[in-house]
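Below are the chains, spelled out letter by letter.
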Amino acid sequence: MEEDEFIGEKTFQRYCAEFIKHSQQIGDSWEWRPSKDCSDGYMCKIHFQIKNGSVMSHLGASTHGQTCLPMEEAFELPLDDCEVIETAAASEVIKYEYHVLYSCSHQVPVLYFRASFLDGRPLTLKDIWEGVHECYKTRLLQGPWDTITQQEHPILGQPFFVLHPCKTNEFMTPVLKNSQKINKNVNYITSWLSIVGPVVGLNLPLSYAKATSQDERNVH
Amino acid sequence: MTSREHQVSLCNCVPLLRRLLCDAPWRKARPLHALSRYFRSRVFPSKMAEEPQSVLQLPPSSAAGGEGLTDVSPETTTPEPPSSAAVSPGTEEPAGDTKKKIDILLKAVGDTPIMKTKKWAVERTRTIQGLIDFIKKFLKLVASEQLFIYVNQSFAPSPDQECFGSDGKLVLHYCKSQAWG
């Protein structure tokens, strides 16, 4: 049985910082939000998605054609969501908010997220399950309550959906062990988020994969 | 060399030079083995070309996206490229590159079964999801098992990501897991 890989909170914050550094380089709009007493914090990203799957382009771009932008293209996000929609019906656009927090009890990162229409109506858990990528749907539906449920955000105290962290080690450990065999440093957050993100509509551009390699070259 | 030897070597070179200079530009580049008669020792073509290539032509799939992979070679013993090689979304290939398929090398991680055939030629338009479905079927995974694919041994590309490669090659690690969340 392989020894499980855990990360401490400081390590978590360091990986998040590296992740955000690359995010800023490619305009991926992740940011760090410290908690009120600044002892801890979380990573946050907001993006908008048209319900049929196309990703919204930035303010000013026409939404008529609803051209599907490739997922890995970076785009600027307006901070005020009232400014965003001009032509697409408000009910069709969903605002996703993703938070990456550290779980002290599990010693792994956890993905919190919420989704709402622009008029403020939140998506239901059922909507969320239905929105899960086809790739993962079968597995999810075998045990949906073990996977995505609703919980109170530890820092904000608001209801968020959560991707359960209890099994994170099981799928992270083989990947990390494999990389360690060739002395390759891996950004835990990048790897983990690339795996769990697509389940809930969050796709990381490929450049994050290269960023990790470059980081380790700079370190050594 | 003596002047006599000079003359001999020049005599050998002249016909070669004449051909190179007179041939149409697009014919100048000759495979090495075609020029072998101008050299003392025979040069053989690349060993790879001599290996019989079994090609499994699977019917192209419209929906599942998990088929349409062509087997490049059976059990291979060629040295594997370092997995830290940079991967690119295909934008690094020269413009006009007509090679439509990417050569993918699949490597198992952890306790995941090793595929008997590791090298596959895949259409560029195949998505990562298509590959995942294909490997799952190939390995006969059950519904409760999830398969993950990684580039650079650590990053899972999005399922909608189309296949890409540096120089038309891509190394992917795959890992099965029953865990989620």
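- An unreviewed UniProt entry annotates chain B as Ubiquitin-like protein ATG12 originating from Pan paniscus.
- Taken verbatim from the UniProt record of chain B, the Subunit (unreviewed entry) comment is "Forms a conjugate with ATG5."
- The UniProt entry for chain B carries the following comment under Function (unreviewed entry): "Ubiquitin-like protein involved in autophagic vesicle formation."

- By the naming in an unreviewed UniProt entry, chain A is Ubiquitin-like-conjugating enzyme ATG10, taken from Pan paniscus.
- Its UniProt record gives chain A the following Subcellular location (unreviewed entry) comment, quoted word for word: "Cytoplasm".
- Here is the UniProt Sequence similarities (unreviewed entry) comment for chain A, exactly as written: "Belongs to the ATG10 family."

**A short note on the interface of chain B and chain A**
Reasoning step 1: The partner chain A presents 38 residues to the 32 residues of chain B that form the contact.
Reasoning step 2: For the chain B and chain A pair, buried surface summed over both sides reaches about 3,200 Å², with 61% attributable to carbon and sulfur atoms.
Reasoning step 3: One can count zero salt bridges joining chain B with chain A.
Reasoning step 4: Among the secondary structure elements, those contributing two or more residues to the side of chain B that touches chain A are helix 2 (128-139), strand 4 (146-150) and strand 5 (169-177) of chain B.

**Details of the pairing of strand 4 (residues 108-117) of chain A**
Residue and element names in this part refer to chain A.
Reasoning step 1: Within strand 4, nine of the ten residues are buried, which leaves the element mostly enclosed by the surrounding structure.
Reasoning step 2: As judged from the ten bridges shared by strand 3 (residues 93-103) and strand 4, these two strands associate in the antiparallel manner. Looking at strand 4, one finds that Glu 97 is bridged to Arg 114.
Reasoning step 3: Taking the residues between adjacent antiparallel strands as the criterion, strand 3 and strand 4 are bridged by four residues, where Gln 107 takes a positive phi near 55 degrees.
Reasoning step 4: Note that strand 4 and strand 6 (residues 159-163) share three bridges and pair antiparallel. Note on strand 6: the bridge partner recorded for Phe 113 is Phe 161.

**Looking at the nonpolar core**
Residue and element names in this part refer to chain A.
Reasoning step 1: Ranked by size, the top nonpolar core spans 74 residues in total, and within it Trp 30, Ile 148, Trp 192 and Leu 193 carry the most contacts.
Reasoning step 2: Beyond its immediate stretch of four places on either side in the chain, Ile 148 contacts Phe 113, Leu 125, Ile 128, Trp 129, Val 132, Leu 140, Phe 161, Val 162, Leu 163, His 164 and Val 200.
Reasoning step 3: Counting residues in each nonpolar core, the second largest holds seven residues, with Tyr 42, Cys 44, Phe 160 and Val 162 among its members.

**What about the environment of Pro 157 of chain B?**
Reasoning step 1: Take Pro 157 of chain B: it is sitting in the loop between strand 4 and strand 5.
Reasoning step 2: In this structure, the C-alpha to C-alpha distance between Pro 157 of chain B and Thr 127 of chain B, residues 30 residues apart in sequence, is 9.8 Å.
Reasoning step 3: Among all residues touching Pro 157 of chain B, those that are not within four sequence positions of it are Leu 206 of chain A together with Ile 128, Ile 149, Tyr 150 and Val 151 of chain B.

**Some words on the sheet that holds strand 1 (residues 31-34) of chain A**
Residue and element names in this part refer to chain A.
Reasoning step 1: One open sheet accounts for six strands, arranged 1-2-3-4-6-5; its pairing is antiparallel. Looking along the sheet, the strands with just one partner apiece sit at the ends: strand 1 and strand 5 (148-152). In this sheet, adjacent strand axes meet at a mean angle of 35 degrees when their direction is disregarded.
Reasoning step 2: Lying on the sheet, helix 1 (residues 9-26) is in contact with strand 1, strand 2 (41-50), strand 3 and strand 4; it crosses strand 1 at an angle near 140 degrees.

**Points about the confidence of the model for chain B**
Residues and elements named next belong to chain B.
Reasoning step 1: Looking at chain B as a whole, its pLDDT mean stands at 66, while 44% of the residues score no less than 70.
Reasoning step 2: Of all the helices and strands in chain B, strand 1 (residues 70-71) carries the lowest mean pLDDT, 56, while strand 2 (residues 101-108) carries the highest, 93.
Reasoning step 3: Confidence drops under a pLDDT of 50 for residues 41-68, and excluding neighbours within four residues, the segment shows 40 contacts in the predicted structure.
Reasoning step 4: This model gives residues 73-96 a pLDDT under 50, and the stretch forms 43 contacts once residues within four places in sequence are excluded.
Reasoning step 5: Both confidence scores are given for the complex: pTM 0.66, ipTM 0.74.

Basis of the calculations
The residue numbering used here restarts from 1 in each chain and proceeds along that chain's sequence as written. Numbering of ligands from 1 and lettering of chains from A proceed in the order in which they are written. Side-chain atom pairs in this predicted model are given and counted only at pLDDT of 80 or more, local residue features only at pLDDT of at least 70, and totals for whole chains, interfaces and linings cover all residues. Hydrogen atoms and water are omitted, and side-chain values are computed over all heavy atoms in the structure. UniProt positions are given in the numbering used here, feature names are shortened, and annotations may be inferred rather than shown by experiment. In what follows, a contact means two residues having at least one pair of non-hydrogen atoms within 4.5 Å. Defined in terms of a 1.4 Å probe, buried area is the accessible area two parts forfeit on being brought together, summed over both. A pair is scored as a salt bridge if a Lys or Arg side-chain nitrogen falls within 4 Å of a carboxyl oxygen belonging to Asp or Glu. Strands are runs of DSSP state E lasting at least 2 residues, helices are runs of H or I lasting at least 4, and numbering of each runs from the N terminus. Partly exposed describes any residue whose relative accessible area lies between the buried limit of under 20% and the exposed limit of over 50%, with all areas from a 1.4 Å probe on protein chains only and scaled to the type maximum. At least two DSSP bridges between two strands are required for those strands to pair. Take the buried Ala, Val, Leu, Ile, Met, Phe, Trp, Tyr and Cys residues and link them wherever side-chain atoms come within 4.5 Å; each set so joined is a nonpolar core. All axes here are fitted lines through C-alpha atoms, helices being fitted over the stretch that makes contact, and every angle between N-to-C directions spans 0 to 180 degrees. The quantity known as pLDDT measures the predictor's confidence residue by residue, on a range of 0 to 100.

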